[in-house]
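Here's the letter readout for the chains.
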Amino acid sequence: MRSHPPDGRFGGLWADLAGIGRDALRGGYARHGFDDADLQLREWFVEQARRRGLDTETDRNGNLWAWWGSPGPNAVVTGSHLDSVPGGGAFDGPLGVVSALLAVDELRLRGVRPAVPLALVCFAEEEGGRFGLPCLGSRLLVGAIDPDAARRLRDGDGISVADAMQRAGVDPAGAGPDPQRLAGIGAFVELHIEQGRLLRAADPTAAIGVGSSIVAHGRWRITVSGQGNHAGTTAPRDRHDPMIPAAGAVLAARRVIQAHPGAVATVGRLQPIPGGTNVIASSVDVWLDVRHGAAADTSALVDEILHEARAEAELEGCDLRVHRESMTDQVTFDPALTMDLSARLGAPAVPTGAGHDAGLLAPHVPTAMLFVRNPSGVSHAPDEYAETQDCLTGVRALADTLEGLLAPEAVPR
Ligand code: GLV
Ligand code: MN
Ligand code: MN
């Protein structure tokens, strides 16, 4: 493998990002779609692209693109996202963006002359940490969400997607499917830190892996309504405490998955209204994240969990309503591309339980993922970490992958 170790440049780019969007309360980062940190990161990306002579544009859905060569058919696209979960780690998303920039440097040092355009992309609000819908930018791009429904989504402060886009200089009226842009993509490759430790299980010596598939995953908001009341003066028999069925839902989620190997269900967010220590809540919102097999398997698990939660609600004299916020079916990455990368890079192919923009693109364009080893497996948390040497191996693997896809013989005729 011809390579020009981008060691110093990796450290430099990584250091640029380190101070942006730190989450003082929770640790890690709070970088959410179109917020101040995200806008700062976008500016940084535009500047990095400018230094490399790449033309940048923001598409109708707020996704940021940088082009080596004029936009045109059969473009090879690589990138990831810049936003984080609340209190997220440094690597989930930005590693794919930094690696994309360094891969361009590496290709130029190798003297590669792309036979088709190469684009780097930063997808908007991948985590759904602000507006609740994961992969907002790529979902809009491929037409997997009604643009009106997307524009109406609101963050915790009541700011809508439409208002946030406007503030970021993106006309929300234009948001929606972008078939022409999609049709121009010949292949998409997303490099990402591994989340979990399936790579280690497949090969304890492998620094990188290739993604084979993503499990179906969805989010449900359960609203339990009861009777707000006084914590000191309300006898147990007089209570209609929505926190009881809410707790029932949390416990049901754990109980139900135990009977379904491979399934996961999580309540990571719960909001009592009004939220006072000496107040029986009048209502509680519980957000449930469930992932298992295909969409039908995931939905069946949710039904089981809700069955238990509804029984608790009835016992407590509470009302329970459910709103499905998102559902993304399972995807298998392009088998030929995946097998070819796995063989050429000597990287095991592993599935993942994490969602990615690559999962939204995969049903439409040949798509592959590269995973960089994560020694602890921890992700979506400040402790998320990858060794710099492994990240550099990832950059070289991405450059190798792109070099292959950009060669004249790789371009479909
Ligand atoms: C995003 O990383 C997700 O899997 O929810
Ligand atoms: Mn990610
Ligand atoms: Mn993530």
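See the structure printed just above.
Below, the structure is looked at part by part.

What counts as what
- Residues numbered from 1 in each chain as written.
- Chains lettered and ligands numbered in written order.
- Predicted model: local features only at pLDDT ≥ 70, side-chain atom pairs only at ≥ 80, totals over all residues.
- Heavy atoms only, no water.
- Salt bridge = Lys/Arg side-chain N within 4 Å of Asp/Glu carboxyl O.
- Helix = DSSP H or I, 4+ residues; strand = E, 2+ residues; numbered from the N terminus.
- Buried < 20%, exposed > 50% of the residue type's maximum accessible area, 1.4 Å probe, protein only.
- Donors = N, O, S within 2.8 Å, 3.2 Å for Na, K, Ca; no water.
- Near = heavy atom within 4 Å.
- Polar contact = N/O pair within 3.5 Å; in protein donor to acceptor, adjacent residues only side chain to side chain.
- Areas by Shrake-Rupley, 256 points an atom, 1.4 Å probe, with all protein chains shown as cover.
- Nonpolar A, V, L, I, M, F, W, Y, C, P; charged D, E, K, R; others polar.
- 1 Å grid on protein atoms, 1.4 Å probe; cavity = no way out; pocket = protein on both sides within 12 Å on 5 of 7 lines; lining within 4 Å.
- Points joined across faces, edges and corners; volume = space filled by probe spheres on them.
- Pairing = 2+ DSSP bridges.
- Patch = residues over 30% accessible without salt bridge, like charges linked within 9 Å, V, L, I, M, F, W, Y side chains within 5 Å.
- Contact = heavy atoms within 4.5 Å.
- Axes fitted to C-alpha atoms, helices over the stretch in contact; angles between N-to-C directions.
- Parallel < 35°, antiparallel > 145°, perpendicular 65-115°, else oblique.
- Left-handed = near helix turned anticlockwise from the far one by under 90°.
- Core = buried A, V, L, I, M, F, W, Y, C linked by side-chain atoms within 4.5 Å.

It is worth spelling out the pattern of salt bridges at this point. On inspection of all chains with the given rule, the structure shows 20 salt bridges. The salt bridge involving Asp 155 is made with Arg 130; its shortest N-O contact spans 2.9 Å. One end of the pair, Asp 155, is in the loop between helix H5 (147-152) and helix H6 (161-167); the other, Arg 130, is in the loop between strand S4 (118-123) and helix H4 (136-142), and 25 residues separate them in sequence. By relative accessible area, which is 16% here, Arg 130 ends up buried. A salt bridge links Asp 340 to Arg 344; the shortest N-O distance between them is 3.1 Å.

This part is about the coordination of the manganese ion (ligand 3). Within the protein, the atoms that donate to the manganese ion (ligand 3) are Asp 92 (OD), Glu 127 (OE), Glu 127 (OE) and His 380 (NE2), at distances of 2.0 to 2.6 Å. Sequence spacing of the donor residues for the manganese ion (ligand 3), all on one chain, is D-x34-E-x252-H. In this structure, the manganese ion (ligand 3) lies 3.7 Å away from the manganese ion (ligand 2), the two metals sharing Asp 92 as a donor. Separated by 253 residues along the polypeptide, Glu 127 in the loop between S4 and H4 and His 380 in the loop between strand S15 (367-372) and helix H13 (388-406) bring together distant segments of the chain. Note on Glu 127: relative accessible area 7%, which makes it buried.

Below, the discussion takes up the site of ligand 1. Around ligand 1 lies a shell formed by Glu 127, Arg 291, Ala 354, Gly 355 and His 380. Glu 127 is positioned with one of its side-chain polar atoms (N or O) 3.2 Å from an oxygen atom of ligand 1. One nitrogen or oxygen atom from the main chain of Gly 355 is found 2.7 Å from an oxygen atom belonging to ligand 1. The fraction of the free accessible surface of ligand 1 (190 Å²) that becomes covered by protein chains is 94%. Considered class by class, the residues forming the shell around ligand 1 number one nonpolar, two polar and two charged.

Once that is clear, we can look at empty space enclosed by the protein. Rolled over the atoms, a probe with the dimensions of a water molecule shows which regions are left empty. Across all of its chains, the model carries three cavities of 30 Å³ or more by this definition. Roughly 50 Å³ of internal volume is contained in the largest cavity. Within the residue set of the lining of the largest cavity, elements represented by two or more residues are helix H2 (36-51) and S4. The residue makeup of the lining of the largest cavity, split by class, is four nonpolar, no polar and four charged.

On to the pairing of S15. Among the six residues that make up S15, six are buried, leaving the element largely enclosed by the rest of the structure. Neither face of S15 is exposed, since Thr 367, Met 369 and Phe 371 on one face and Ala 368, Leu 370 and Val 372 on the opposite face are all buried. Across six bridges, the pairing between strand S5 (residues 185-193) and S15 is parallel. Paired with Glu 190 across the two strands is Met 369, which belongs to S15.

This brings us to a nonpolar patch on the surface. A grouping of Val 250, Leu 251 and Leu 270 is seen on the molecular surface, where their side chains present a nonpolar patch of about 240 Å² in accessible area. Assignment of secondary structure puts Val 250 in helix H9 (residues 243-258).

Examined against the element boundaries, Arg 291 turns out to sit in strand S11 (residues 283-291). Within the structure, the side chain of Arg 291 is placed 2.8 Å from the side chain of Asp 289, a separation counted as a polar contact. In this view, Arg 291 contacts Val 215, Ala 216, His 217, Gly 262, Ala 263, Val 264, Thr 298, Gly 353, Ala 354 and Gly 355; residues no more than four positions away in its chain are not counted.

Here the focus is the packing of helix H3 (residues 94-109) against H13. Where H3 meets H13, the axes come as close as 8 Å, and the angle between the chain directions of the two elements is 60 degrees. Put simply, H3 runs oblique to H13. Judged by the sense of rotation from one axis to the other, the crossing of H3 with H13 is right-handed. Facing H3, whose interface residues are Leu 95, Ser 99, Ala 100, Leu 102, Ala 103, Glu 106 and Leu 107, H13 presents Cys 391, Val 395, Leu 398, Ala 399, Leu 402, Glu 403 and Leu 406.

Okay, the coordination of the manganese ion (ligand 2) next. Only His 81 (NE2), Asp 92 (OD) and His 192 (NE2) from the protein coordinate the manganese ion (ligand 2), and they sit 2.0 to 2.2 Å from it. For His 192, a relative accessible area of 1% gives the class buried.

Moving on, we get to the nonpolar core. Ranked by internal contacts, the top residues of the largest apolar core, which has 56 residues, are Phe 45, Leu 95, Leu 118, Leu 120 and Leu 370. By size, the runner-up hydrophobic cluster in this structure holds 26 residues, among which are Val 224, Ala 246, Val 284 and Leu 288.

Right, let's get into the sheet that holds strand S9 (residues 264-273). Here we have four strands laid out as an open sheet, ordered S9-S11-S7-S12, and antiparallel in their pairing. The strands lining the two open edges of the sheet, one partner per strand, are S9 and strand S12 (319-328). For this sheet, the mean inter-axis angle between neighbouring strands, taken without regard to orientation, is 15 degrees. Where strand S7 (residues 217-225) lies against S11, nine bridges are found, and the strand directions are antiparallel. Counterpart to Arg 219 in the pairing with S11 is Asp 289. Against the sheet, H9 makes contact with S7, S9 and S11, and its axis sits at roughly 175 degrees relative to S9, the strand it touches most.

These values are about where atoms sit, not about what they do.
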